[in-house]
Amino acid sequence: MNNPRQITTLRAAAVISSTIIGVGILSFPRYMTEAGNSSAPLVALCGVLLSFISYWLLASLCQRFPQETLFVFSRRLIGRPLAAIFTVVIMLLFIVLTGLTVRQFGDVATTVLYKKTPIEATIFLMLLISLLSSRRNVVKFSYIHFFYLPLITGSILVTILLSLKNVDILNLQPVLMPPSFQFWKGVREATYLFQSSFVIVLLIPFMEKPGHAVRAGAWAIFLSGAIYVLIVIASVGIFGAEETKLLIYPTLEMARSAAFGEGFLERLDAIFIIIWVISVYTTIYTTYYISAYLLHKLLRFRDQRMASTILLPVVFILAMLPSNVFESYRWALHLGNAGMMLMFGYPLLLWTVYLLRRHKKKVTS
């Protein structure tokens, strides 16, 4: 393509938003309720704000190097060996994240949708679709996300709005609770769903206006964050805090309570689960794409096609390692902790070196 800068700010926002809305949407209200009881919406809101701070650190740094990805300009800031180590760690993080995400998808799909289908087949098919999609370049990658986002957000918002009529306001009181260790633990866990906004580092060199990277992320994080907060409000408002803690997939139960008209569209949960499958695909597509992109840079392939093929058996084996659904969620929480430290710590390190070098340059001149 003659002009590599073809990704608009809106399309970059669509990539980030459709990536954030994914597999965790079904169980998200349960984790927030365990952390904050009836204050669960406040826990989720604080998680969204913390996620934006983390994203701002990363995106505002990348905006200063609009021609390059993070993995290129980091070599100049901290040296090639240290930058390579961080690149490998980030790549491993996203490979494992892809494996655990597709495993969680397989657990839900074989429980709710395809009860007689082996989980191995479900996981393999999702990975095969992600592999074939990952062979496209970054611009086409952004178009795919842009195409699916209205379908995902529109359907989920309609389901939430129809569910809100069943909300009992008393279930949402008290709204505030004294901040405790459990509260902040819930805030930290809420940020795990937003870690894939890291994809902006791949998009900036192809954006028409790289200076709008923070704006794109703000639109995406607050749109998807509003959806997550509304889902928590609807779930806790309908079932109450104690019952929400007992539901494995409270969002799915919320969708089952939604109906439109008498005898017309009474099973919105069926439509919701179809949209959920699409939203999981866009999430896995992004984490798989980032993993393949980093592998092709490390191994110096011409593009990410060969790297995406190599990744398939690796991710499949990782997805099959957890023995049950509880173990896969426990592993996902541990990975989220590691990812949060990396997503905060690495941009902070690069920012520190960048500011020190700029200060030294000013003093010298």
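Please refer to the structure placed before this passage.
Residues numbered from 1 in each chain as written. Predicted model: local features only at pLDDT ≥ 70, side-chain atom pairs only at ≥ 80, totals over all residues. Heavy atoms only, no water.

Help me out: how do you make sense of the overall build of the protein in this one?
Each helix and strand counted, the protein has 15 helices and 0 strands in total. Here the protein has a C-alpha radius of gyration of 21 Å; the compact-globule value for 365 residues is 21 Å, and the two agree. C-alpha atoms of the protein, sized along the principal axes, occupy 70 × 45 × 40 Å. By the burial criterion, 55% of the 365 residues in the protein qualify as buried. Counting contacts in the protein only where the partners sit at least 6 residues apart, residues at least 24 apart contribute 84% of the total. Total accessible area computed for the protein in this model is approximately 16200 Å², and 67% of it derives from carbon and sulfur atoms. For the protein, the separation between the mean place of its 31 positive charges and that of its 15 negative charges on side chains is 20 Å. (Helix = DSSP H or I, 4+ residues; strand = E, 2+ residues; numbered from the N terminus. Rg over C-alpha atoms; globule rule 2.2 N^0.38 Å. Buried < 20%, exposed > 50% of the residue type's maximum accessible area, 1.4 Å probe, protein only. Contact = heavy atoms within 4.5 Å. Areas by Shrake-Rupley, 256 points an atom, 1.4 Å probe, with all protein chains shown as cover. Lys, Arg positive; Asp, Glu negative; His and termini not counted. Charge placed at Lys NZ, Arg CZ, Asp CG, Glu CD.)

Got a minute to help me understand the pattern of salt bridges in this structure?
A side chain of one charge can pair with a side chain of the opposite charge if their charged atoms are brought near each other. Taken as a whole, this structure holds 6 salt bridges when the rule is applied. For R256, the salt bridge is made with E253, and the minimal N-O distance between the two is 2.9 Å. Highlighted residues: R256 and E253, both in helix α12 (residues 250-257), separated by 3 residues, approximately one helical turn. Relative accessible area serves as the criterion here: at 40%, R256 is assigned to the partly exposed category. You can call E253 partly exposed: its relative accessible area is 28%. R330 is paired through a salt bridge with E327; the nearest N and O atoms lie 4.0 Å apart. Here the residue R330 and the residue E327 both occupy positions in helix α15 (residues 325-364), the gap between them amounting to 3 residues, near one helical turn. Judged by relative accessible area, R330 falls into the partly exposed class, the value being 44%. Given the relative accessible area of 17%, E327 is considered buried. (Salt bridge = Lys/Arg side-chain N within 4 Å of Asp/Glu carboxyl O.)

Teacher, can you tell me more about unusual backbone geometry here?
Most peptide bonds take the trans form, and the phi angle of most residues other than glycine is negative. In this structure, P174 follows Q173 across a cis peptide bond, with omega equal to 0 degrees. Take P174: it is sitting in the loop between α7 (138-163) and α8 (181-191). A positive phi angle is found at R300, which is not glycine, with a value near 60 degrees. Summarising the element assignment, R300 is placed in the loop between α13 (268-299) and α14 (305-320).

How should the packing of α12 against α13 be read in this particular structure?
Angle between the axes and distance between the axes are the two parameters that describe a pair of packed helices. Two elements in contact, α12 and α13, have axes separated by 7 Å at closest approach and are oriented at 140 degrees. As judged from the angle between their axes, α12 and α13 are oblique. Contacts between α12 and α13 involve T251, L252, A255 and R256 from the former and L268, D269, F272 and I273 from the latter. Broken down by class, the residue content of the contact of α12 with α13 amounts to 5 nonpolar, 1 polar and 2 charged. (Axes fitted to C-alpha atoms, helices over the stretch in contact; angles between N-to-C directions. Parallel < 35°, antiparallel > 145°, perpendicular 65-115°, else oblique. Nonpolar A, V, L, I, M, F, W, Y, C, P; charged D, E, K, R; others polar.)

Is there a simple way to explain the packing of aromatic side chains in this structure?
If you walk through the whole model with that rule in mind, you get 20 aromatic pairs. Ring geometry for W351 against Y354: centres 5.8 Å apart, planes inclined by 75 degrees, an arrangement best described as edge-to-face. On the criterion of helical spacing, the pair formed by W351 and Y354 is a turn pair, its members being 3 residues apart in helix α15. According to the relative accessible area criterion, Y354 is buried, its value standing at 15%. (Phe/Tyr/Trp six-rings, centres within 6.5 Å; stacked < 30°, edge-to-face > 60°.)

What should I look at first to understand the environment of G22 in this one?
You can see G22 is positioned in the loop between α1 (9-20) and α2 (28-36). Between the alpha carbons of G22 and L193 there is a distance of 8.1 Å; along the sequence they are 171 residues apart. Residues contacting G22, with those up to four places away along its chain left out, are Y228, W276, S279, V280 and T283.

Sorry, what's going on with the packing of α7 against α12 here?
In the contact formed by α7 and α12, the axes pass within 8 Å of each other and the chain directions differ by 70 degrees. Between α7 and α12, the angle falls in the class roughly perpendicular. As for how α7 packs across α12, the hand of that crossing is left-handed. On α12, the residues that touch T159, I160 and S163 of α7 are M254, A255 and S257. (Left-handed = near helix turned anticlockwise from the far one by under 90°.)

Explain the side chain of T251 to me, please; I cannot follow it from the model alone.
Of note, T251 is situated in helix α12. Residue contacts for T251: discarding those within four places in its chain leaves I25, L26, P29, I231, S235 and F272.

It is not clear to me how the side chain of T159 should be interpreted in this structure. Could you clarify?
Tracing the chain through its elements places T159 in helix α7. A residue is classified by how much of its surface remains accessible, and T159, at 5% relative accessible area, is buried.

Explain the environment of L162 here, please?
Mapped onto the secondary structure, L162 falls in helix α7. For L162 and Y31, which are 131 residues apart along the polypeptide, the C-alpha to C-alpha distance reads 23 Å.

So what exactly am I meant to see when it comes to the nonpolar core here?
Buried together is how nonpolar side chains tend to be arranged in soluble globular proteins. Within the largest apolar cluster, 122 residues are counted, with the highest numbers of intra-cluster contacts made by L70, I156, F198 and I200. Sort the elements by how many residues they give to this core and α13 lands first, with 16 residues. Contact partners of F198, with chain neighbours within four places excluded, come to L58, L70, F71, I90, F94, I290 and M343. (Core = buried A, V, L, I, M, F, W, Y, C linked by side-chain atoms within 4.5 Å.)

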